[in-house]
Amino acid sequence: MVYLRPAIFMLALLVGGAALAQDRGTLDPRPLPPLARPSDPATPAKELFGRAAGPAPLDPEPIGFYSHGCLSGAEALPANGPSWQVMRLSRGRYWGHPDLIAFLQRLAPAAAQASGWPGLLIGDISQPRGGPMLTGHASHQIGLDADIWLTPMPRRELSRAEREDMSATNVVREDRLDVDPQVWTEGHMAVLRTAAQSPQVQRIFVNAAIKRALCRSASGDRRWLAKVRPMFGHDYHFHVRLFCPRGADSCKDQDEVPPGDGCDASLAWWFTEEALHPKKSAKTWPPMTMAGLPAQCRQVLKAE
């Protein structure tokens, strides 16, 4: 993946994923129909992984890269915790590597204490066996990515209907040049800072306007800002990415973040015409097949 000036194809994937992030769920999720030719090499991998109803009963392992991989031994984040609630349960994307699930369970109370929020609303993590998704994300494939809404958790348990229907809060100003001062609070910065200060966190993706606000307001030790990277979309949520766990030999980390706090001239490009109003490309790319994923992912799909 390229993150400084994304290629057009990656821009299309990421913008599409951001748009789908607020799509409503359903109170009546129904299983997908069986595939006519699941063994056909041309079958999109997302059709196979999107039909996996439960985790692979193998040792926990993230396999491949964040946007080209799968996950064995996944663990589900409980729908409710002392300081978190999981949204869009009908999507079945509340699975992750056990390290990520444990991280979220630690982050939620720490972020709540730092921000004064009652807790966090957790969006998409991964599918039961990871892999490409039928809709949305280009990443979230190895159980080390999680979306966290930029909306404080209410002081009550949300109903199932609310979890499927309500939208997160857009904190970006209409002109996309800064955050909305009527919505953005110091609590938002406290949540992001708490997440970024964890040594497990490799990157955090936010809208560039959020990065601009953080650069302007952060004081004291600003080293955590280096992990917070601008990315298209992410107006309503931020995306946490963990490093590969120690000893996970089949997992490939992303390149290290560039030096500095990211508040230099490199941030300015995100507010140019090219970035704010990117030209749409008519070019399309074929969906990823199993041939584009690590060989171990075939075993993850077949494991019973």
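A. The arrangement of the overall build of the chain in detail. Of the regular secondary structure elements, the chain holds eight helices and 11 strands. Expressed as lengths along the three principal axes of its C-alpha atoms, the size of the chain is roughly 55 × 45 × 40 Å. Taking all 304 residues of the chain together, 50% fall into the buried category. Within the chain, contacts between residues at least 6 apart in sequence are counted, and of these 78% link residues at least 24 apart. Element-wise, carbon and sulfur atoms account for 54% of the exposed surface of the chain, whose accessible area totals about 14400 Å². Of the side-chain charges in the chain, 34 are positive and 31 negative, and the distance between the mean point of each set is 2 Å.

B. Geometry of the packing of helix α3 (residues 98–115) against helix α5 (residues 186–196). Where α3 contacts α5, the axes come no closer than 8 Å and their chain directions differ by 140°. Classified by the interaxial angle, the pair formed by α3 and α5 is oblique. Note on packing geometry: the crossing formed by α3 with α5 is right-handed. Contacts from L107, A110, A111, A114 and S115 of α3 reach α5 at G187, A190, V191, T194 and A195. Looking at the contact of α3 with α5, its residues break down into seven nonpolar, three polar and no charged.

C. Structural detail: the nonpolar core. Among the nonpolar cores identified, the biggest contains 48 residues, and L104, L120, W184, I204, I210, L214 and F238 are the most heavily contacted of them. Contributions of two or more residues to this core are made by β5 (84–86), α3, β7 (120–122), β8 (145–149), α5, β9 (201–206), α6 (208–217) and β11 (237–242). Counting residues per element, this core draws most heavily on α3, at seven residues. Counting residues in each nonpolar core, the second largest holds 11 residues, with C70, M290, V300 and A303 among its members.

D. Spatial organisation of α3. Across its 18 residues, α3 extends 26 Å between first and last C-alpha, which sits within 8% of the 26 Å expected from 1.5 Å per residue. Buried within α3 we find L100, I101, F103, L104, L107, A108, A111, A112 and S115. Phi turns positive, to about 85°, at G116, one or two residues after α3.

E. Focus on the pairing of strand β1 (residues 61–65). Counting buried positions over the five residues of β1 gives four, a clear majority of the element. Here β1 pairs with strand β2 (residues 68–72) via five bridges, running antiparallel. When the sheet's bridge partners are listed, I63 is paired in β2 with C70.

Cut-offs applied
Residues numbered from 1 in each chain as written. Predicted model: local features only at pLDDT ≥ 70, side-chain atom pairs only at ≥ 80, totals over all residues. Heavy atoms only, no water. Helix = DSSP H or I, 4+ residues; strand = E, 2+ residues; numbered from the N terminus. Buried < 20%, exposed > 50% of the residue type's maximum accessible area, 1.4 Å probe, protein only. Contact = heavy atoms within 4.5 Å. Areas by Shrake-Rupley, 256 points an atom, 1.4 Å probe, with all protein chains shown as cover. Lys, Arg positive; Asp, Glu negative; His and termini not counted. Charge placed at Lys NZ, Arg CZ, Asp CG, Glu CD. Axes fitted to C-alpha atoms, helices over the stretch in contact; angles between N-to-C directions. Parallel < 35°, antiparallel > 145°, perpendicular 65-115°, else oblique. Left-handed = near helix turned anticlockwise from the far one by under 90°. Nonpolar A, V, L, I, M, F, W, Y, C, P; charged D, E, K, R; others polar. Core = buried A, V, L, I, M, F, W, Y, C linked by side-chain atoms within 4.5 Å. Expected span 1.5 Å × (residues − 1). Pairing = 2+ DSSP bridges.

Everything listed is a geometric property; what it means functionally is a separate question.
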